[in-house]
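What follows is each chain in one-letter form.
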Amino acid sequence: MRVVLAEDSTLLREGLVRLLLEEGHEVPAAVGDGEALMAAVAEHSPDIVVADVRMPPTHTDEGLRAVLEIRRRHPGARVLVLSQYVEKKYATELMSGDVNGVGYLLKDRVAQVGDFLDALERVAAGGAAFDPEVVRQLLARTTQADPVSRLTPREREVLEHMAQGLTNASIADRLFVSQSAVEKHINAVFDKLQLLDVSGYSRRVLAVLRFLES
């Protein structure tokens, strides 16, 4: 696939480019700031964008703002965001919209090449991929007054895996339970969060958004 990369660290940027090329992907552009990223996306129409959150000139949220603007200009654009830390505000904003084709990984995860490539392919295919640590810290925002607090520990665990973008089969493998057990827990999550089965809406996405809004 065609990947446009935005990372201000030259060493990491070149390392990612080499990794992607070795995996058979194309990298038509690898840039170091948000403005250049938006220009590269407009020029090359990539299959997926991989971008750092903090880039020049202020090294705060330029990368994320560029990614959100790309999603506004190009609905359905696939984006995988990288961050050194769990930026709760940024992660929440990114996950509060349509999470199909969206990912958020900590940079430590990039060191795990297999995990990074798996997330890249999942997001490019229209799925979601969120770092487990990001999900855990966002789940920790909930209080006893929140609907999520009514979930059992196992149901919260299943919700955490759902938020990472995993399928029922993958969740079953991770938790060493049957797929039917996972489906039972997911239905319990939907019931406790009062998510009705309405045509045109994904209850999986709504379940993740519910704890972000609580």
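Cut-offs and rules
Residues numbered from 1 in each chain as written. Predicted model: local features only at pLDDT ≥ 70, side-chain atom pairs only at ≥ 80, totals over all residues. Heavy atoms only, no water. Helix = DSSP H or I, 4+ residues; strand = E, 2+ residues; numbered from the N terminus. Buried < 20%, exposed > 50% of the residue type's maximum accessible area, 1.4 Å probe, protein only. Contact = heavy atoms within 4.5 Å. Areas by Shrake-Rupley, 256 points an atom, 1.4 Å probe, with all protein chains shown as cover. Pairing = 2+ DSSP bridges. Axes fitted to C-alpha atoms, helices over the stretch in contact; angles between N-to-C directions.

Caption draft 1: Just the overall build of the protein chain, in detail. Secondary structure summary: the protein chain contains eleven helices and six strands in total. By the burial criterion, 49% of the 214 residues in the protein chain qualify as buried. Taking all contacts inside the protein chain whose residues are at least 6 apart in sequence as the whole, residues at least 24 apart take part in 65%. For the protein chain, the exposed area adds up to about 10,400 Å²; of that, 48% sits on carbon and sulfur atoms.

Caption draft 2: Here's a closer look at the environment of glycine 24. With respect to the helices and strands, glycine 24 occurs in the loop between α1 (10-22) and β2 (26-31). For glycine 24, a relative accessible area of 58% puts it in the exposed group. Distance in space between the C-alpha atoms of glycine 24 and arginine 2 is 9.7 Å, their sequence separation being 22 residues.

Caption draft 3: Inspection of the pairing of strand β3 (residues 48-52) at higher detail. In terms of burial, β3 is a largely internal element, five of the five residues being buried. Where burial is concerned, the two faces of β3 agree: the one with Ile48, Val50 and Asp52 and the one with Val49 and Ala51 are both buried. Where strand β1 (residues 2-6) meets β3, four bridges bridge the pair, whose relative direction is parallel. The partner of valine 3 across the bridge, within β3, is isoleucine 48.

Caption draft 4: The sheet that holds β3, seen in detail. Taken together, the six strands give an open sheet; going across it, the order is β2-β1-β3-β4-β5-β6, and neighbouring strands pair in parallel fashion. Looking at strand neighbours, the two that pair on one side only are β2 and β6 (128-130), the edges of this open sheet. Between one strand axis and the next, the sheet turns by 15° as a mean value, whatever way the strands run. Direction of pairing for β3 relative to strand β4 (residues 79-83): parallel, over a ladder of four bridges. Bridge pairing in β4 links alanine 51 to valine 81. Running over the sheet, helix α3 (residues 62-73) touches β3, β4 and β5 (102-106) and is turned about 170° from β4.

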